[in-house]
Amino acid sequence: MLRLVVRLVVPLVAALALSACAAPPEAEMTEAREALAAARAAGAERYAPAEYGEAAGMLQRSERFVAEGDYRQALSAALEARELANAAAAAAGGAKEAARARATTAMDQAQASLAAARAFTDAATAKPPRTRPERLHVSEVRRAVVAANVAVQKAREAIGRDDFAAATEALDAVRAQLDEVMAAKPEPPPPPKPRRRR
């Protein structure tokens, strides 16, 4: 009885395997394309470019095997492309969150420097500086505050587009510029020269 089952099942499985490779693996290739599209939507092109490129390359191999009529290799490549695309999406998710965290930290630091600069200019408005170098320094800080406000707004827009790298770079530049201007305190005026006695 067992031999009869084996004689019936084995040829059937073999026939199914052969028939599976007798036509292009359209379903598997569609799944690979959908997985690649999902990885792209997850930001894999930006945050996991190596993994995404590998998945896209494997899908192209599958398509090339189909063109050559090697459907067995096409099936294998399509299945691998799908798995690589899923891995790219997962890698992109982690990298994207890390980039978001860096941008958030950069925003906090830039806002702190901006707040310090504003407090300085507010104090100068309440009590105007006496010397010309001090007045020039206040003017430089005010110009830096205006430029920083524009840069911070652009960084917010970049964060809204999920371009965290650009936002972080811009915010780091804002903080560095404000800190540099604030640190450039004017030299105190020289002491008055003693009057000569006549």
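Refer to the structure above for everything that follows.
Residues numbered from 1 in each chain as written. Predicted model: local features only at pLDDT ≥ 70, side-chain atom pairs only at ≥ 80, totals over all residues. Heavy atoms only, no water.

Draft legend 1. Molecular detail of the overall build of the protein. Counting its regular elements, the protein contains seven helices and zero strands. From first element to last, N terminus to C terminus, the protein shows the α and β order α-α-α-α-α-α-α. Accessible surface for the protein amounts to roughly 13100 Å². Of this, 57% is attributable to carbon and sulfur atoms. (Helix = DSSP H or I, 4+ residues; strand = E, 2+ residues; numbered from the N terminus. Areas by Shrake-Rupley, 256 points an atom, 1.4 Å probe, with all protein chains shown as cover.)

Draft legend 2. Summary view of unusual backbone geometry. Positive phi values are uncommon outside glycine, yet Asp162 reaches one of about 65 degrees. Secondary-structure assignment places Asp162 in the loop between α6 (132-160) and α7 (164-183).

Draft legend 3. Representation of the nonpolar core in the model. Among the nonpolar cores identified, the biggest contains 23 residues, and Leu36, Ala44 and Tyr52 are the most heavily contacted of them. Counting residues per element, the ones that place at least two in this core are α2 (26-41), α3 (44-47), α4 (49-68) and α5 (71-126). If you look at the next biggest cluster of nonpolar residues, it comprises 17 residues, including Met107, Val145, Leu171 and Val181. (Core = buried A, V, L, I, M, F, W, Y, C linked by side-chain atoms within 4.5 Å. Buried < 20%, exposed > 50% of the residue type's maximum accessible area, 1.4 Å probe, protein only.)

Draft legend 4. Molecular detail of the environment of Ala42. By the element assignment, Ala42 lies in the loop between α2 and α3. The class for Ala42 is partly exposed, based on a relative accessible area of 24%. Along the chain, Ala42 and Ala89 lie 47 residues apart, while their C-alpha atoms are 5.8 Å from each other. The residues contacting Ala42, other than those within four sequence positions of it, are Ala89, Ala92 and Lys96. (Contact = heavy atoms within 4.5 Å.)

Draft legend 5. Region of interest: α4. In this model α4 runs 28 Å from its N-terminal to its C-terminal C-alpha over 20 residues, within 8% of the 28 Å that 1.5 Å per residue would give. Buried within α4 we find Tyr52, Ala55, Ala56, Met58, Leu59, Ser62 and Phe65. Just past α4, the residue Gly69 takes up positive phi, approximately 85 degrees. (Expected span 1.5 Å × (residues − 1).)

Draft legend 6. Layout of α2. Given a rise of 1.5 Å per residue, 16 residues ought to cover 22 Å, and the 22 Å separating the end C-alpha atoms of α2 matches this to within 8%. Regarding α2, the residues found buried are Met29, Ala32, Ala35, Leu36 and Ala39. For α2, the angular spread of buried residues about the axis comes to 120 degrees, placing them on one side. Along α2, exposed side chains directed more than 90 degrees from the buried face belong to Glu34 and Ala41. On its buried side, α2 packs onto α3, α4 and α5. (Arc of directions from axis to C-beta.)

Draft legend 7. Quick peek at the environment of Thr104. Looking at the element boundaries, Thr104 is found in helix α5. Separated by 64 residues in sequence, Thr104 and Thr168 place their C-alpha atoms 8.1 Å apart.

Draft legend 8. Looking closely at the pattern of salt bridges. Applying the stated rule across the entire model yields six salt bridges. A salt bridge links Arg82 to Glu83, with the nearest nitrogen and oxygen atoms 3.3 Å apart. (Salt bridge = Lys/Arg side-chain N within 4 Å of Asp/Glu carboxyl O.)

Draft legend 9. Focus on the packing of α6 against α7. For the pair α6 and α7, interaxial distance at closest approach is 9 Å and the crossing angle is 170 degrees. Between α6 and α7, the angle is such that the two are roughly antiparallel. Each of His137, Glu140, Val141, Ala144, Val145, Ala148, Ala151, Val152, Ala155, Ala158 and Ile159 in α6 lies in contact with α7, whose residues at this interface are Phe164, Ala167, Leu171, Val174, Leu178, Val181 and Met182. Grouping the amino acids of the contact of α6 with α7 by side-chain chemistry returns 16 nonpolar, one polar and one charged. (Axes fitted to C-alpha atoms, helices over the stretch in contact; angles between N-to-C directions. Parallel < 35°, antiparallel > 145°, perpendicular 65-115°, else oblique. Nonpolar A, V, L, I, M, F, W, Y, C, P; charged D, E, K, R; others polar.)

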